[in-house]
Amino acid sequence: QVQLVESGGGLVQAGGSLRLSCTASRSISSINVMVWYRQAPGKERELVAGITSGSSTNYADSVKGRFTISRDNAKNTVYLQMNSLKPDDTAVYYCNGGRTYYNLYWTWGQGTQVTVSS
């Protein structure tokens, strides 16, 4: 079973920045899509951003222009740079990999908590 370890979350004021990391216990170079999802209290998990093996990216409308996803296949790691954070970005952030943005391979990790204060 692949282990996913997310890190980099924390408490930040609105307008601040955080950089999340997610390292997989296996190579991600052959994984077509790596994604970041988030889940806020009382809400369903939602897609935040995805990046293909060819480095094409896709973002939720709510984060476009503020978040940037990247991947380092040599380190089996995917990143999420989050700028201009808003209180609505408060959630637990998770990463995964799969065939498509919604057809994912692995069990979710523990995630990393992001809390944005107003």
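You'll find the structure just up there.
Computed from a predicted structure; not experimentally measured.

### A word on the packing of aromatic side chains
Working step 1: Applying the stated criterion to the full structure yields three aromatic pairs.
Working step 2: Chaining the aromatic ring pairs together yields one cluster made of Tyr37, Tyr94 and Trp108.
Working step 3: It is arginine 19 that lies over the ring of tyrosine 79; its NZ or CZ is 4.0 Å from the centre.
Working step 4: The ring of tyrosine 94 is capped by arginine 45, whose NZ or CZ atom sits 4.1 Å from the centre of that ring.

### What about the nonpolar core?
Working step 1: Membership of the largest hydrophobic core comes to 30 residues, with the highest contact counts inside it found for Trp36, Leu80, Met82 and Tyr93.
Working step 2: Counting only elements with at least two residues in this core, the list comes to β3 (18-24), β4 (33-39), β5 (46-52), β7 (67-72), β8 (77-82), β9 (91-98) and β10 (112-117).
Working step 3: When residues in this core are grouped by element, the largest group, four residues, is from β3.
Working step 4: The residues touching leucine 80, leaving out its near neighbours within four places in the chain, are Leu18, Arg19, Leu20, Trp36, Val48, Ala49, Phe67, Thr68, Ile69 and Tyr93.
Working step 5: Judged by nonpolar contacts, the second largest core, of five residues, contains Val33, Val35, Leu47 and Tyr101.

### Thoughts on the pairing of β10
Working step 1: Side-chain alternation along β10 places Thr112, Val114 and Val116 on a buried face and Gln113, Thr115 and Ser117 on a face that remains uncovered.
Working step 2: In this sheet, β10 lies alongside strand β2 (residues 10-13) in parallel orientation, the contact comprising four bridges. When the sheet's bridge partners are listed, valine 12 is paired in β10 with valine 116.

### Focus on the sheet that holds strand β1 (residues 4-7)
Working step 1: The four strands are arranged β1-β3-β8-β7 in an open sheet whose pairing can be described as antiparallel. Sheet topology places β1 and β7 at the edges, where each strand pairs with a single neighbour. Each strand axis lies, on average, 15° off the axis of its neighbour in the sheet, ignoring direction.
Working step 2: For β7 and β8, the ladder comprises six bridges, and the chain directions are antiparallel. Bridging across to β8, serine 70 finds its partner in tyrosine 79.

Analysis parameters
Residues numbered from 1 in each chain as written. Predicted model: local features only at pLDDT ≥ 70, side-chain atom pairs only at ≥ 80, totals over all residues. Heavy atoms only, no water. Phe/Tyr/Trp six-rings, centres within 6.5 Å; stacked < 30°, edge-to-face > 60°. Lys NZ or Arg CZ within 6 Å of the ring centre and 35° of its normal. Core = buried A, V, L, I, M, F, W, Y, C linked by side-chain atoms within 4.5 Å. Buried < 20%, exposed > 50% of the residue type's maximum accessible area, 1.4 Å probe, protein only. Helix = DSSP H or I, 4+ residues; strand = E, 2+ residues; numbered from the N terminus. Contact = heavy atoms within 4.5 Å. Pairing = 2+ DSSP bridges. Axes fitted to C-alpha atoms, helices over the stretch in contact; angles between N-to-C directions.

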